[in-house]
Amino acid sequence: MIADIALALPEIFLAVAAMVLLVFGVYAGEKSTRFVATAAIVALAAAIVLVLGRQAATGFGGMFVVDAFGSFAKILILVGTGLAIAMSLGYLRDQGIERFEFPVLLMLSTIGMMIMVSAGDLIALYLGLELQSLAIYVCAAFKRDSTRSTEAGLKYFVLGALSSGMLLYGASLVYGFAGTTSFAGLAQVLQGGGTPIGVLVGLVFIAAGIAFKCSAAPFHMWTPDVYEGAPTPVTSFMAAAPKVAAIALFMRVFLVPFGGMVEEWRQIIVVIAVLSMVLGAFAAIGQSNIKRLMAYSSIGHVGYALIGLAAANQEGVRGVLIYLAIYLAMNVGTFGVILCMRRATGYSEEISDLAGLARTRPGLAAAMAVFMFSLAGVPPLAGFFGKFYVFMAAVNAGLYVLAVIGVVTSVVGAYYYLRIVKLMYFDAPAEPFAANTDRGVGVVTVAAGLFTLFFFVYPAPIVAGAQIAARALLP
Amino acid sequence: MIVQALAFYLFAAVTVAAGFMVIAARNPVHSVLFLILAFFNAAGLFVLLGAEFLAMILVIVYVGAVAVLFLFVVMMLDINFAELREGFLNYLPIGLVIGGILLVELFLVLGAWAIAPEAAKFASTPTPPVEQIANTHAIGQVLYTKYMFAFQVSGLILLVAMIGAIVLTLRVREGVRKQRISVQVSRTREEAVALRKVEPRQGV
Amino acid sequence: MYAAIVFLPLIAAIVAGLFGRFLGDRGSQIVTCGAVITSALLSIVAFFKVVIGHQPTTVMLFDWIVAGDLQIAWALRIDQLTSVMLIVVNVVSAVVHVYSVGYMAEDPHKPRFMAYLSLFTFAMLMLVTADNFVQMYFGWEGVGLASYLLIGFWYERPSANAAAIKAFVVNRVGDFGFALGIFGVYLAFGSVDFATVFKASPDMAGKTFHFLSWDVDIMNTLCLLLFLGAMGKSAQVPLHTWLPDAMEGPTPVSALIHAATMVTAGVFMVARCSPMFEMAPFALNVVAAVGAFTAFFAATIGLVQNDIKRVIAYSTCSQLGYMFFAAGVSAYPVAIFHLFTHAFFKALLFLGAGSVIHAMHHEQDMRHMGGLWSKIRQTYVLMWIGSLALAGVPFFAGYYSKDAILESAFAANSGVGDFAFAMGLAAAVLTAFYSWRLIFMTFHGHPHDHHHFEAAHESPPVMLIPLYVLAAGAVLAGIVFAGMMTGHHWQEFWGSSIYVAENHKVMATFHDVPLWVKLAPVAAGVLGIAVAYWMYIRDRRVPAGLAARNEPLYRFLLNKWYFDELYDWALVRPAMRLGRLLWKGGDGRVIDGLGPDGVSATVIRVTRRVVLLQTGYVYHYAFAMLIGVAAFVTWYFAVGH
């Protein structure tokens, strides 16, 4: 039991920290938000250290798996949450919703994600997913006096409940046909082939549940509305860490317990990936709200990441992990810029407000241009390498059509990313934004920009880390 | 044996029918009542399985607490359900088609039901025979040991739910007068009573 | 220490480049000069440690690219070859940095200039310390970039911009070959590490690969591709055209980049890859032939140029040709030895010319000079030293290296070797001639421009001291190092950094050539000087008369063998025509014609429909999810599984 606890130390530490901060916040009142947020970031950083110190092992009767794959994803998740908290304070203060529960909820959500990527059992998977989602439902509705925010929270909650229902239904079908919920057991039962169709149908439902969480088409419908309605820091959080967690979970579930049925499930993953890429590329063009645009962009990017899953080999897993790391940076950075779109009258979300930004705020425009080029996958920016590794894996796995569709949709997608660059650099300036006063947003945006810009100089740590992680998942 | 079979089909049929009525009833209060009926029948199914603890928990927690709470909420909120249902019929055909297809497919799945032969050895927590151990006891034995992880995570989920409910609903109103007992008790005579000499025909 | 040698200039470049505004002119100059001088001192220490102490080493910095089989690290390979190059690069760079303080005194953009110089130094150091082809390519492109920036430093001048672009574009041709060579190396050897590739080279000798329908020798192909890169960077015919134009840059740049360091990168690369070239006899012959031809060719053009810097530029081109044909006959140590001595005397000549130009208020045409020797005596003496070294007059540095080159060409005892010997000897006469033509036209005779002549003044000490340092090198570098670098025990000096195959005996035999061969270069030099004296001091009508009598030949030389015109006719104009055709016809009619009405309109149409899916109703979304699940399940039932 002690060994089990030691294994889950990062999660336990975070949970205890969250509860301590909660109690502290309740006693200290609303003024403590800044302190609680800082402490939360410190706790997340400490959790990274703890994650790095774990040895690969399985605990809690097989429910909790610690391996390099999980640790890689956990570090990304922790970093994503930390950056999201760091960027949120200014916005929350401006909007009058600076409440200490916010960082605490994000921490609890993070614990849920860490449990997801460490899941070794369908039960643990479901519990992690639910913990993660529940906290985000609340966060989406955090600005409770705004109709849009509450609507976003409610929509996400109702549809999330439906997807959870599907996931549970699928899990029960799998349990009914395979006789076990543990991943190791399932892998053993299903390795021989000749899978009962019940397991396959169950898998479809599970896929639907997870695809909902990472907003892959056709389970993506909530994404644009929720991204638009939720407060911007929440959106920036939703678009980063939970996505990493959901895709990592996707890989763990499909490659470990159901690894023996690759040929069967690849068919639906390919369809999901293609639908996501196409939808992400085309629907984004018609948007005028930048958060909605980022929602479609994230749908498209999930599609690219799923290409790596469809490849179903070590190279693919590595590609997806690299992709996620890069995506995290680009996305956090872009939202940092969006958080800087502030005028005296309030925050702006219209893409047209970016017009002529290069003249009024050249630094901000340059940062945004870097992120847009990177999201579009223009070399030598980081985004190119993310796509490159994934497409390579697909080609090596013989999925030529998928890779070609990926490239074509990237080209279509480049249209709307570059349109923003054009707007910033060539159009007549709109009313300028107020100077950014929040240090958190500034630091995070600059850091993300530098990472995106200079990833190609020294990609070795991330590539090597992803390689080790991929080897841990698919020996 | 036949009695058990009959009881099973009775409970099962009523559960499904009640479940259908939950979404079909016009009056939301009726919906909740049908939900309670479905819970009762599900409890009956648990009893048939010999899981009397779960059956009782279902009745006490779901019927006694959750559903009753639902009932209060539904009765207190003045929602015009007729308006919400507008357009419902438009989508009925397509809903029926999709539902029907899924149903047929699930029947086909069930028709081919067979637990994979390797699965037997994974039934790692075999249900102990009722003669040896009461199932309340059996659940207790594994809940805090084998499933401690799941149990604790469930606790965290409930914590999040609680925080969420408070965050989204608790409002600090200005000017609310609250009883502060310590202040009341610590009042002294000096600050509570003031002697004034009142001149006649002048008032305070 | 080795890392400090390489990265100090980079740090200085970053500091001066980004914070030059805060540091001011003086601050930037101190930072950059200090860093490079420190580097230079450290590289002398490194030289003693590596060469005298026989301790070549490799410093691993960190992994760079790890992608499957492709593993590339940042590492500094410090062997004898590198440490010689370190001395050349850092000493000349330090001298030029200090010189620039004086030369650029009136320029308003000093921090930028100093930052570029330091950046160049860093890139060059990266090139010579590279441990693998990709890192070398990084340095290779880095020096190309710095060269572009420095040639175009005076960006207000259209001619400087044009020259910068020309240098960049012509180099691109060579770099393309170099890049192909690297790809080929990776394909053939599965690695780009020098150590791995060189070790495997002997096994690869003579093997062929199948391309289209031919069987092609691997080593020859790879070496020729690599040599293409060297030709671009080292201005060998026919990729030499950028070097004379590059004289548009400030003179210190010409001394540093276009005389001593960057242009010798090609020679360095051939020497570095000697284990590969040794396995490619055909490629070696090409190297020798191209080098020999360039040596002669550039010298002929140098005869008639009037711009003082262009004369020296063509002489550089010609001297690089010497180095290449030495390498081409497997006398790599001799080539590097000449590179070493040449760096000193050529930088000296350039900086001396810079001093003259400075004295003449940025007048570069020699026809407007004359009689300057009385005005700028120190510069005059220094130019003499440089020219004596260049012409190969005994006991100056050039004498040892140039003699050794001609002797090894003779000793090669092959057709190419004899061709190189003949060309080299002819070029030696021409070299001596144009060097003294330069001196006589600049310093002797009557001043042609009295206004400038009166105002001419000696340069400040900050410019003269560097010249003395270089002059010391030009006098002593040969006599001190000749025995060590090219003597019978050359292998002791170079260790394993240069490889010469067993059957190539030039290094052993060139000491034993007949006496007339040994004396011929000296005689050629003396002859050249004598002719120049006769034509420009004794009888001044001779040059004009010669030019008039041989009008076509004179025009031919003056127009540099019509290479620029040839390129313009064969490449530039057709490319422009093709570009215009594609622009108007291809892009305008076909793509723009189909685009707006075709692809992009379709995209927008699709977008409208997709956006319509997003109604905002929760039950629509729920339906979409259910339909998705139902479709997938149905799919499995339909196709079976």
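Keep in mind that this is a model prediction, so the values were computed, not measured.

The rules behind these values
- By convention here, each chain's residues receive numbers from 1 onward along its written sequence.
- The order in which chains are written sets their letters, starting at A; the order in which ligands are written sets their numbers, starting at 1.
- Selection of residues for local features in this predicted model requires a pLDDT of at least 70, selection of side-chain atom pairs for listing and counting requires 80 or more, and totals for whole chains, interfaces and linings are taken over all residues.
- Based on all heavy atoms of the structure, the side-chain values leave hydrogens and waters out of the count.
- In this text, helices come from DSSP runs of H or I with a minimum length of four residues, and strands from runs of E with a minimum of two, each type numbered from the N-terminal end.
- In this analysis, two residues are considered to be in contact whenever any of their non-hydrogen atoms come within 4.5 Å of each other.
- Accessibility throughout is a Shrake-Rupley quantity obtained with a 1.4 Å probe, and a residue counts as covered only by protein chains that appear here.
- The buried area of a pairing is the accessible area, by a 1.4 Å probe, that goes missing from both parts when the two are put together, added over both.
- Counted as salt bridges are all cases of a side-chain nitrogen of Lys or Arg within 4 Å of a carboxyl oxygen of Asp or Glu.
- Polar contacts here mean pairs of N or O atoms no more than 3.5 Å apart (in protein, one a potential hydrogen donor and the other a potential acceptor; neighbouring residues in sequence count only if both atoms are side-chain atoms).
- Residues are grouped as follows: Ala, Val, Leu, Ile, Met, Phe, Trp, Tyr, Cys and Pro are nonpolar; Asp, Glu, Lys and Arg are charged; every other residue, Gly included, is polar.
- The pairing test for Phe, Tyr and Trp rings, Trp by its six-membered ring, is centres within 6.5 Å, and the orientation test on the planes gives stacked under 30 degrees, edge-to-face over 60, and tilted for anything in between.
- Joining through side-chain atoms within 4.5 Å is the link that ties buried Ala, Val, Leu, Ile, Met, Phe, Trp, Tyr and Cys residues into a set, and such a set is a nonpolar core.
- Think of it in three bands: with a 1.4 Å probe and only protein chains considered, a residue is buried below 20% of the maximum accessible area for its type, exposed above 50%, and partly exposed in between.
- A 1.4 Å probe that fits but cannot get out identifies a cavity on a 1 Å grid over protein atoms alone, an open set with protein on both sides within 12 Å along at least five of seven lines counts as a pocket, and a residue lines either if it has an atom within 4 Å of a point.
- Grid points are joined across faces, edges and corners, and a volume is the space filled by probe spheres set on the points.
- Interaxial angle, 0 to 180 degrees, is taken between N-to-C directions of lines fitted to C-alpha atoms, where a helix line uses only the stretch in contact.
- Orientation is classified from the angle alone, with under 35 degrees giving roughly parallel, over 145 giving roughly antiparallel, 65 to 115 giving roughly perpendicular, and any other angle giving oblique.
- Handedness of a crossing is defined here by the sense of rotation of the near helix relative to the far one, left-handed for an anticlockwise turn of less than a right angle and right-handed for a clockwise turn.
- Residues enter patches when they are more than 30% accessible in relative terms and free of salt bridges; like-charged ones are connected within 9 Å and nonpolar ones (Val, Leu, Ile, Met, Phe, Trp, Tyr) within 5 Å.
- The predictor attaches a confidence to each residue, and that confidence, scored 0 to 100, is pLDDT.

1. Let's talk about the overall build of chain C
When you go through chain C residue by residue, the secondary structure sums to 27 helices and 4 strands. Across chain C, every contact between residues at least 6 apart in sequence was considered, and the portion connecting residues at least 24 apart equals 80%. Surface exposure of chain C reaches about 25100 Å², of which carbon and sulfur atoms provide 68%.

2. Section: the interface of chain B and chain C
Every contact between the two is made by 9 residues of chain B and, on the other side, 9 residues of chain C. By the criterion of area lost to chain C, the three top residues of chain B are Tyr-91, Ile-98 and Glu-105 of chain B, representing 59% of everything that side buries. On inspection of chain B and its partner chain C, the count reaches 0 salt bridges.

3. So, the interface of chain A and chain B
If you look at the interface, chain A gives 40 residues, while chain B gives 33 residues. Buried surface at the junction of chain A and chain B, summed over both partners, amounts to about 3100 Å²; 80% is from carbon and sulfur atoms. For the interface between chain A and chain B, the tally reads 0 salt bridges. In this structure, the connection of chain A to chain B is made through 3 residue pairs in polar contact (both at pLDDT 80 or more). Secondary-structure elements contributing two or more residues to the side of chain A that touches chain B are helix H2 (9-28), helix H5 (101-117), helix H6 (122-140), helix H7 (147-178), helix H8 (183-190) and helix H9 (197-213) of chain A. With 8 residues, the top contributor of residues to the side of chain A that touches chain B is H6 of chain A. Classifying every residue of the side of chain A that touches chain B gives 29 nonpolar, 6 polar and 5 charged.

4. A look at the packing of aromatic side chains
Tallied over the entire structure, the rule returns 59 aromatic pairs over all chains. Pairwise contacts between aromatic rings join Phe-47, Phe-48, Phe-340, Phe-344, Phe-481, Phe-493 and Trp-494 of chain C into one cluster.

5. Some points on the nonpolar core
Among the nonpolar cores identified, the biggest contains 231 residues, and Phe-250, Phe-258 and Trp-265 of chain A are the most heavily contacted of them. With residues up to four places along the chain from it excluded, the contact list for Trp-265 of chain A reads Leu-203, Phe-254, Leu-255, Phe-258, Leu-309 and Ala-312 of chain A together with Tyr-636 of chain C. One finds Tyr-116, Phe-178, Ala-420 and Phe-563 of chain C within the second-largest nonpolar core, a separate group that totals 215 residues.

6. Observations regarding empty space enclosed by the protein
Residue and element names in this part refer to chain A. The tally for this structure, following the rule as stated, stands at 9 cavities of 30 Å³ or more. Counted as a void, the largest cavity has a volume near 90 Å³. Lining the largest cavity, in full, are Met-87, Gly-90, Tyr-91, Arg-93, Asp-94, Leu-339, Arg-342, Tyr-347, Asn-436, Thr-437, Asp-438 and Val-441. Here the element with the most residues in the lining of the largest cavity is helix H4 (residues 68-95); it accounts for 5 residues. Partitioned by chemical class, the residues of the lining of the largest cavity number 5 nonpolar, 3 polar and 4 charged.

7. Observations concerning the pattern of salt bridges
Residue and element names in this part refer to chain C. One pass over the structure, following the stated rule, counts 24 salt bridges over all chains. We note a salt bridge from Asp-131 to Arg-77, for which the minimum N-O separation is 3.9 Å. Note that Asp-131 is positioned in the loop between helix H3 (110-129) and helix H4 (133-151) and Arg-77 in strand S2 (residues 70-78), a separation of 54 residues in sequence. Owing to a relative accessible area of 15%, Arg-77 belongs among the buried residues under this scheme. The shortest N-O distance in the salt bridge between Asp-245 and Lys-166 comes to 3.0 Å.

8. Re the packing of helix H13 (residues 262-285) of chain A against helix H19 (residues 400-426) of chain A
Axes are the key here: two packed helices are described by the angle between their axes and the distance separating the axes. All names here are of chain A. Interaxial distance between H13 and H19 falls to 8 Å at its minimum, and their mutual angle equals 20°. Judged by the inter-axis angle, H13 sits roughly parallel to H19. As for how H13 packs across H19, the hand of that crossing is left-handed. Side by side, H13 and H19 meet where Val-270, Val-274, Met-277, Val-278, Gly-280, Ala-281, Phe-282, Ala-284 and Ile-285 of the first sit next to Leu-402, Ile-405, Gly-406, Thr-409, Val-412, Gly-413, Tyr-415, Tyr-416 and Arg-419 of the second.

9. Overview of the environment of Leu-86 of chain C
Residues and elements named next belong to chain C. In this structure, Leu-86 sits in helix H2 (residues 80-103). Judged by its relative accessible area of 1%, Leu-86 falls in the buried class. With 47 residues separating them in the primary sequence, Leu-86 and Ser-39 have C-alpha atoms 9.0 Å apart.

10. Remarks on a nonpolar patch on the surface
A grouping of Val-446, Leu-450, Leu-453, Phe-454, Phe-456, Val-457 and Tyr-458 of chain A together with Phe-62 of chain C is seen on the molecular surface, where their side chains present a nonpolar patch of about 680 Å² in accessible area. The leading source of residues in the nonpolar patch is helix H20 (residues 439-454) of chain A, at 4 residues. Mapped onto the elements, Leu-450 of chain A comes out in helix H20. Judged by its relative accessible area of 44%, Leu-450 of chain A falls in the partly exposed class.

11. Side note on the environment of Tyr-400 of chain C
All names here are of chain C. Within the secondary structure, Tyr-400 is located in helix H16 (residues 397-412). Considering only alpha carbons, one finds Tyr-400 and Gly-478, 78 residues apart in sequence, at a separation of 5.6 Å. Those residues in contact with Tyr-400 that lie beyond four places of it in its chain are Phe-337, Phe-395, Gly-478, Ile-479 and Ala-482.

12. Thoughts on unusual backbone geometry
With omega at 0°, the peptide bond leading from Ala-217 of chain A into Pro-218 of chain A counts as cis. Mapped onto the secondary structure, Pro-218 of chain A falls in the loop between H9 and helix H10 (222-229). For the bond running from Val-237 of chain C to Pro-238 of chain C, omega is 10°, close enough to zero to count as cis. With respect to the element layout, Pro-238 of chain C can be found in the loop between helix H7 (218-233) and helix H8 (242-245). Phi is positive for Ser-330 of chain C, close to 70°, though the residue is something other than glycine. Inspection of the secondary structure assignment puts Ser-330 of chain C in the loop between helix H13 (308-328) and helix H14 (332-359).

13. Examining the environment of Gly-319 of chain A
Residues and elements named next belong to chain A. Tracing the backbone shows Gly-319 in helix H15 (residues 314-339). Linking Gly-319 and Ala-393, residues 74 residues apart in sequence, is a C-alpha distance of 6.9 Å. In this view, Gly-319 contacts Tyr-389 and Val-390; residues no more than four positions away in its chain are not counted.

14. Structural notes on the confidence of the model for chain C
This prediction gives chain C a mean pLDDT of 85; 98% of its residues lie at or above 70. The ipTM assigned to the predicted complex is 0.92, against a pTM of 0.67.

15. Concerning the packing of helix H15 (residues 377-391) of chain C against helix H17 (residues 415-443) of chain C
Residues and elements named next belong to chain C. Closest axis-to-axis distance for the H15/H17 pair is 9 Å, and the angle between their directions is 170°. The pairing of H15 with H17 is recorded here as roughly antiparallel in orientation. Across from Tyr-380, Met-383, Trp-384, Ser-387, Leu-388, Leu-390 and Ala-391 in H15, the residues of H17 making contact are Thr-431, Ala-432, Ser-435, Trp-436, Leu-438, Ile-439 and Phe-443.

16. Observations regarding the side chain of Ser-147 of chain C
Residue and element names in this part refer to chain C. Mapped onto the elements of the fold, Ser-147 is located in helix H4. Judged by relative accessible area, Ser-147 falls into the buried class, the value being 2%. Beyond its immediate stretch of four places on either side in the chain, Ser-147 contacts Ile-257, His-258 and Met-262.

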